[in-house]
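Residue-level structure breakdown
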Amino acid sequence: PSIEKWKSSYLGDYIRASYKDRGVLHKRTVYFNKKEEIWIIRDFLRVKRSSLIEQYFHLAGGSFVKEIGAAIVQVENKGVFLYMSIDNKFFTDIKIGEISPILGWSSPEFGVKAESPVVVNKVVMKGEKTFDTFLYVSKEKANLENLKRMFMKLSMNEVFCYENAK
């Protein structure tokens, strides 16, 4: 991967990187909005032929994961909540302790294998597509309707305004 741009200020942190190989271009933008305390991840992909695209979020052992709404996943671990708003172009699945393929495991220490959830997002695509994922961490359980409003309020326009700021 090649880092194309990186910025940090009191408003937020921003990085954009890209990778190109074998007919696939992947650009990822990650922005942390320090005021709203939300991570915004934008993936842009260009593929020449029909391809299965997979996005993985590996979570700590002991995390409890469930879908709480359309394309919204709640992760709880030790009283802390992570809310993920996943692009609706993806099909989302939660895997824990799978054997074939091996998925949903971690090693908290040498020689120890522990089940750990993985949020797997998949799509078959050809051409160009953009996928947006929002991550929000809270010490309190959030209301689904409030989450939906918060995720809707934040658009990627904010990221690109920040990217182009002097």
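So, how was this worked out
- Each chain has its residues counted from 1, running along the sequence as written.
- Residues qualify for local features only when their pLDDT is at least 70, as the model is predicted, and side-chain atom pairs are given and counted only at 80 or more; totals for whole chains, interfaces and linings, by contrast, use all residues.
- Only heavy atoms go into the side-chain values, all of them from the structure, while hydrogens and water stay out.
- Here the term cavity refers to a set of points on a 1 Å grid, laid over the protein atoms alone, in which a 1.4 Å probe fits but cannot get out; the term pocket refers to an open set having protein on both sides within 12 Å along at least five of seven lines, with lining residues being those that place an atom within 4 Å of a point.
- Grid points are joined across faces, edges and corners, and a volume is the space filled by probe spheres set on the points.
- Per the convention used, a helix needs a DSSP run of H or I reaching at least four residues, while a strand needs a run of E reaching at least two, with both numbered from the N terminus.
- The classification used treats Ala, Val, Leu, Ile, Met, Phe, Trp, Tyr, Cys and Pro as nonpolar, Asp, Glu, Lys and Arg as charged, and all other residues, Gly among them, as polar.
- We define a salt bridge as a contact between a side-chain nitrogen of Lys or Arg and a carboxyl oxygen of Asp or Glu at a distance within 4 Å.
- Residue exposure (1.4 Å probe, protein chains only): buried if accessible area is under 20% of the type maximum, exposed if over 50%, otherwise partly exposed.
- By convention a nonpolar core is built from buried Ala, Val, Leu, Ile, Met, Phe, Trp, Tyr and Cys residues, the set being connected through side-chain atoms within 4.5 Å.
- Whether two residues are in contact is decided by their heavy atoms: any pair within 4.5 Å suffices.
- A pair of strands is labelled paired if DSSP reports no fewer than 2 bridges between them.
- A 3.5 Å cut-off defines polar contacts: any pair of N or O atoms within that distance qualifies, except that in protein one atom must be a possible hydrogen donor and the other a possible acceptor, and neighbouring residues in sequence count only when both atoms are side-chain atoms.
- Any Phe, Tyr or Trp ring, taking Trp's six-membered ring, that has another such ring centre within 6.5 Å forms a pair; planes under 30 degrees apart are called stacked, those over 60 apart edge-to-face, and the others tilted.
- Each ring is checked for a lysine NZ or an arginine CZ that lies within 6 Å of its centre and within 35 degrees of its normal; such an atom marks a charge sitting over the ring.

**So, the layout of surface pockets**
Here the largest pocket is characterised by a volume of approximately 300 Å³. Together, 14 residues line the largest pocket, and Ser85, Ile86, Phe134, Phe151 and Met152 are the ones closest to its centre. Among the secondary structure elements, those contributing two or more residues to the lining of the largest pocket are β7 (80-86), β11 (118-138) and α1 (144-153). Per element, the largest residue contribution to the lining of the largest pocket is three residues, and it comes from α1. Here the lining of the largest pocket is composed, by residue class, of nine nonpolar, two polar and three charged.

**Thoughts on the pattern of salt bridges**
A full pass over the atoms with the stated rule returns eleven salt bridges. Aspartate 87 serves as the salt-bridge partner of lysine 89, at 3.2 Å between the closest nitrogen and oxygen. Exposure remark for aspartate 87: the relative accessible area of 9% places this residue in the buried category. The salt bridge partner of aspartate 93 is lysine 95, with a shortest N-O separation of 3.1 Å. On the basis of relative accessibility, which here comes to 24%, the residue lysine 95 falls in the partly exposed class. What you see here is one network of salt bridges that share partners, running through Glu4, Arg16 and Lys27.

**Observations regarding the nonpolar core**
Core analysis: the biggest nonpolar cluster contains 18 residues, and Val73, Val75, Met84 and Val119 have the highest contact counts within it. Those residues in contact with valine 119 that lie beyond four places of it in its chain are Gln55, Tyr56, Phe57, Leu59, Val65, Val73, Met84, Ile86, Thr92 and Asp93. In this structure, Ile40, Phe81, Phe134 and Met150 belong to the second largest nonpolar core, which totals 13 residues.

**Some points on the pairing of strand β1 (residues 2-8)**
One ladder, built from six bridges, connects β1 with strand β2 (residues 12-21); its direction is antiparallel. Residue lysine 5 lies in a different strand from β2, and its bridge partner there is arginine 16. Hairpin connection between β1 and β2: a loop of three residues separates the two successive antiparallel strands.

**Things to note about the side chain of aspartate 132**
Structurally, the position occupied by aspartate 132 is in strand β11. On the accessibility criterion, aspartate 132 (17% relative accessible area) is buried. Only 2.8 Å separates the side chain of aspartate 132 from the side chain of arginine 42, close enough to count as a polar contact.

**A short note on the packing of aromatic side chains**
To describe a pair of aromatic rings, one takes the distance between the centres and the angle between the planes. In the structure shown here, the tally under the stated rule is four aromatic pairs. Here phenylalanine 134 and phenylalanine 151 contribute two aromatic rings whose centre-to-centre distance is 5.8 Å and whose plane-to-plane angle is 40 degrees, an arrangement assigned as tilted. Residue phenylalanine 134 is found in strand β11, and its partner phenylalanine 151 is found in helix α1; the two are separated by 17 residues along the sequence. For phenylalanine 134, a relative accessible area of 8% corresponds to the buried category. Overall, the relative accessible area of 5% leaves phenylalanine 151 in the buried class. The ring of tryptophan 105 is capped by lysine 113, whose NZ or CZ atom sits 4.2 Å from the centre of that ring.

**What to know about the environment of tyrosine 31**
Among the secondary structure elements, tyrosine 31 is positioned in strand β3 (residues 24-33). On the accessibility criterion, tyrosine 31 (3% relative accessible area) is buried. For the pair formed by tyrosine 31 and arginine 16, sequence separation is 15 residues and the distance between their alpha carbons is 8.7 Å.

The values reported here are purely geometric and, on their own, carry no functional implication.
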